[in-house]
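Structure at a glance
Listed below, chain by chain, are the residues.
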Amino acid sequence: MSALQAVRGTHDHLPETRRAHRRVAEAAHRVTALYGFQEMATPIFEFTEVFQRTLGETSDVVTKEMYTFHDKGGEQITLRPEGTAGVVRAFVANGLQQALPQRLFYQGPMFRYERPQKGRLRQFHQVGVELLGVATPLADAEVIACAAAFLRDLGVAGDTTLEINTLGDAESRANYRDALVAYLRQYAHRLSDDSRERLERNPLRVLDSKDENDQAVVADAPSFLDYLNADSRAFFDGVCAHLAAMGLDYVMNPRLVRGLDYYCHTAFEFTTTILGAQGTVLAGGRYDGLVEQMGGSAVSGVGWAAGIERLAALIGDPEAPPRPVMMVPLGEEAERHALPLAERLRAAGHVVEMTYTGNLKKRLKRADRSNARAAVILGEDELAAGRATVRDLDTGQQDAVALDAVADALGQG
RNA sequence: GCGAGCGUAGCUCAGUCGGUUAGAGCGCUGGUUUGUGGUACCAGAGGUCACGGGUUCGAGUCCCGUCGCUCGCCCCA
C-alpha cells in the first residue's frame, strides 16, 4: 500500500472524468428543473441515528455498509450512504411541511463500506429528487416521467429498461409477507443458506434470489398481486394508467423489491444490461411514512436516485473542452503586452492560454499540443506596428491585426 | 463479508526453464542554426517489476502475507 494511492473504493476525478460527471449532474439539474424540482443540499454526514431509524435496523446498509465514527465531541456520526434520509431530516427540521408539495433535487457524494466492483465504489455520487406531500399516483407517474426525461436527455434511454412493481401499503405487505413466509418455511430445507437467512430478515428478498433451486421454490410461491388490498391495487393501477397515457414503456417485475424499510407502493428501476452485475442505473419509489418516522407529520413522499458513475459509464466519451487561443509573446516587451491583451480576449469570451518559454517554433508546437485553435503572436515586428499576428492553427492562415481588433478577428471560436 | 483472476515506465503491453546492465510502441523532454506548429529523423529522461517477507548461489519470474484493481456472490446506485 502506498501513501499516494487513494483509499480503496475512492477515485480521483481527473478533468476528463470530471467532465463526464458534470455532464450527468448538469443534465439532471436542468431536466428536473423542468418538473419544478429545486436543488437543495444536506451535510454529507449526519448523526448515525438518522440512517438507523430510516433505513431499518436490519438492512444491509445499516448492518454492514455504513461509515460510522465518533467525532471529537463523542457524537456518533455516519457518512451518508444515501440521500433521502438527510433530505427528509432537513425537510422536518426546517418546517418545509408547511408548504406542500415540496419538489427537491440533490446531488453529491455518498459512502458505503462495500467491496468495490465496476460501478460500485465506497465513495460514489448520486443525483436524486424527492417529491413530498402528494399522496396520489399522479406524483409517482410524474416522478418516473422525470427520470425518463433525464435519461433521454443523456441519450441513454435506449440502453435502459423501466421496471416497476408495487409493494402495496403496510397492510397488504404484512399479509403477503405472512403468506410468503408460511409458504417458504415448508421448503426451507431446499433453500440456499442465503435465502434461509433472508427468510428471517427480509423474506421478500428470497423472490430475487439468483440461486436456481431457490427459483424453483419461488416459482410456485404466492403472488403479491393476490394480496394487494383494494386501495393498493387501485393506486398501482393508477400509476400504470398514467405511465401509459404518457407513452412510457415499462416492464412489470414482481420480483422488484426494496432493501430499505421505508418503501411502499410504487417501486421502480431503470436498468441496463451493458454494465455487468451493477445494472441498476436509477431507482426509486414511494415512501409514505418515512417523514412521520423521522418525527414529522404524516407526509407522503416519492423519489428516485441515480448513480452518476454508472450513468457516466453509459454515456461514453465526454465532449472535448473548448479549444483555447494561445498567446505567444516573444521577448520581455511582448510579455508586458501579452497579459493585458489576454485579459481583453477573455473578457470577450475567448478561452485564452499562455506560452511561457521557448522560441516561436517551440511555442507553436505547444499551442498545437494544447489543441489551440489559434495563436496570437506578439513579437518585435508586431509591437512596432501596434499589431498582433493572429494565426489560425487549423488552416495556417495568419493576418496582422490591430490590438483592438484581435478579439473580433478570433471570431466565435 | 465470501469466491476467483490480475498488478512490469505516464498509457498499452513483451519479458522464454529462475540467470548478466528489465524492453517495445505510444506519450513526454530536447535537438535537426535566423520568427512559424502538425509530418519525418536523431537523442534523452522516466522503473522501489504494487508493498513486505521467504526459498535460492541467483527472483520481475517460485512460495506466504498485505494493499489495490477486475469479475462473480451478497447487496445496491
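My aim in this report is to walk through the structure given alongside it, one point at a time. The model shown is predicted, which means the values in this text are computed figures rather than measured ones.

**Quick word on the layout of surface pockets**
Its boundaries defined by the atoms lining it, the second largest pocket holds a volume of some 390 Å³. For the second largest pocket, the lining is made up of 21 residues, of which His11, His21, Leu121, Glu309 and Ala313 are closest to its centre. Contributing elements (two or more residues each) for the lining of the second largest pocket: α1 (15-34) and α11 (308-315). Residue composition of the lining of the second largest pocket, by class: seven nonpolar, eight polar and six charged.

**So, a positive patch on the surface**
A contiguous patch of positive charge on the surface is contributed by Lys361, Lys362, Lys365, Arg366 and Arg369. The topology assignment puts Arg366 in helix α13 (residues 360-369). Accessibility expressed as a relative area gives 36% for Arg366, which makes it partly exposed.

**Topic: the environment of Asp231**
Within the element layout of this structure, Asp231 appears in helix α9 (residues 230-245). A relative accessible area of 60% places Asp231 in the exposed class. Once the C-alpha coordinates of Asp231 and Ser172 are considered, the two residues, 59 residues apart in sequence, prove to be 9.4 Å apart.

**Some points on the packing of aromatic side chains**
Within this structure, the stated rule accounts for five aromatic pairs. Between the aromatic rings of Tyr176 and Phe224, the centroid separation amounts to 4.5 Å while the plane-to-plane angle is 10°, which identifies the pairing as stacked. Taken together, the positions of Tyr176 in helix α6 (residues 170-186) and Phe224 in the loop between α8 (212-219) and α9 put the pair 48 residues apart, joining distant regions of the chain. According to the relative accessible area criterion, Tyr176 is buried, its value standing at 1%. Directly above the aromatic system of Tyr113 lies the positively charged group of Arg122, at a separation of 3.9 Å from the ring centroid.

**Some points on the pattern of salt bridges**
Summed over the entire model, instances satisfying the criterion amount to eleven salt bridges. Linking Arg103 and Glu142 is a salt bridge whose minimum nitrogen-to-oxygen distance equals 3.6 Å. Here Arg103 is found in strand β5 (residues 102-111), whereas its partner Glu142 is found in helix α5 (residues 137-154), with 39 residues between them in sequence. A relative accessible area of 25% places Arg103 in the partly exposed class. For the salt bridge of Glu333 with Arg336, the shortest nitrogen-to-oxygen distance reads 2.8 Å. Of this pair, Glu333 and Arg336 both sit in helix α12 (residues 332-347), separated by three residues, roughly a single helical turn. Arg336 gets classed as exposed once you look at its relative accessible area, which sits at 54%.

**A short note on the protein's contact with RNA strand B**
By nearness alone, 49 residues border RNA strand B, and Arg112, Arg205, Thr280, Arg310 and Leu393 come closest of all. Arg8 places a polar side-chain atom, nitrogen or oxygen, 3.2 Å from a phosphate oxygen of RNA strand B. Arg366 has a polar side-chain atom sitting 3.2 Å from a phosphate oxygen of RNA strand B. Broken down by secondary-structure element, the contributors of at least two residues to the surface near RNA strand B are α3 (60-64), β6 (123-132), α7 (193-201), β10 (280-286), α13 and α14 (380-385). Take the surface near RNA strand B: its biggest share by element is eight residues, from α13. Considered class by class, the residues forming the surface near RNA strand B number 13 nonpolar, eleven polar and 25 charged.

**Topic: the sheet that holds strand β4 (residues 76-79)**
A sheet is described by the order of its strands in space; here three strands give the open sequence β2-β4-β3, paired in antiparallel fashion. Two strands lie at the open edges of the sheet, namely β2 (45-47) and β3 (67-70), each paired on one side alone. Strand-to-strand twist across the sheet, computed as the mean angle between neighbouring axes with direction ignored, equals 30°. In terms of strand pairing, β2 meets β4 through three bridges, oriented antiparallel. By the bridge assignment for β4, Phe47 is matched with Ile77.

Parameters and conventions
Residues numbered from 1 in each chain as written. Chains lettered and ligands numbered in written order. Predicted model: local features only at pLDDT ≥ 70, side-chain atom pairs only at ≥ 80, totals over all residues. Heavy atoms only, no water. 1 Å grid on protein atoms, 1.4 Å probe; cavity = no way out; pocket = protein on both sides within 12 Å on 5 of 7 lines; lining within 4 Å. Points joined across faces, edges and corners; volume = space filled by probe spheres on them. Helix = DSSP H or I, 4+ residues; strand = E, 2+ residues; numbered from the N terminus. Nonpolar A, V, L, I, M, F, W, Y, C, P; charged D, E, K, R; others polar. Patch = residues over 30% accessible without salt bridge, like charges linked within 9 Å, V, L, I, M, F, W, Y side chains within 5 Å. Areas by Shrake-Rupley, 256 points an atom, 1.4 Å probe, with all protein chains shown as cover. Salt bridge = Lys/Arg side-chain N within 4 Å of Asp/Glu carboxyl O. Lys, Arg positive; Asp, Glu negative; His and termini not counted. Charge placed at Lys NZ, Arg CZ, Asp CG, Glu CD. Buried < 20%, exposed > 50% of the residue type's maximum accessible area, 1.4 Å probe, protein only. Phe/Tyr/Trp six-rings, centres within 6.5 Å; stacked < 30°, edge-to-face > 60°. Lys NZ or Arg CZ within 6 Å of the ring centre and 35° of its normal. Near = heavy atom within 4 Å. Polar contact = N/O pair within 3.5 Å; in protein donor to acceptor, adjacent residues only side chain to side chain. Pairing = 2+ DSSP bridges. Axes fitted to C-alpha atoms, helices over the stretch in contact; angles between N-to-C directions.

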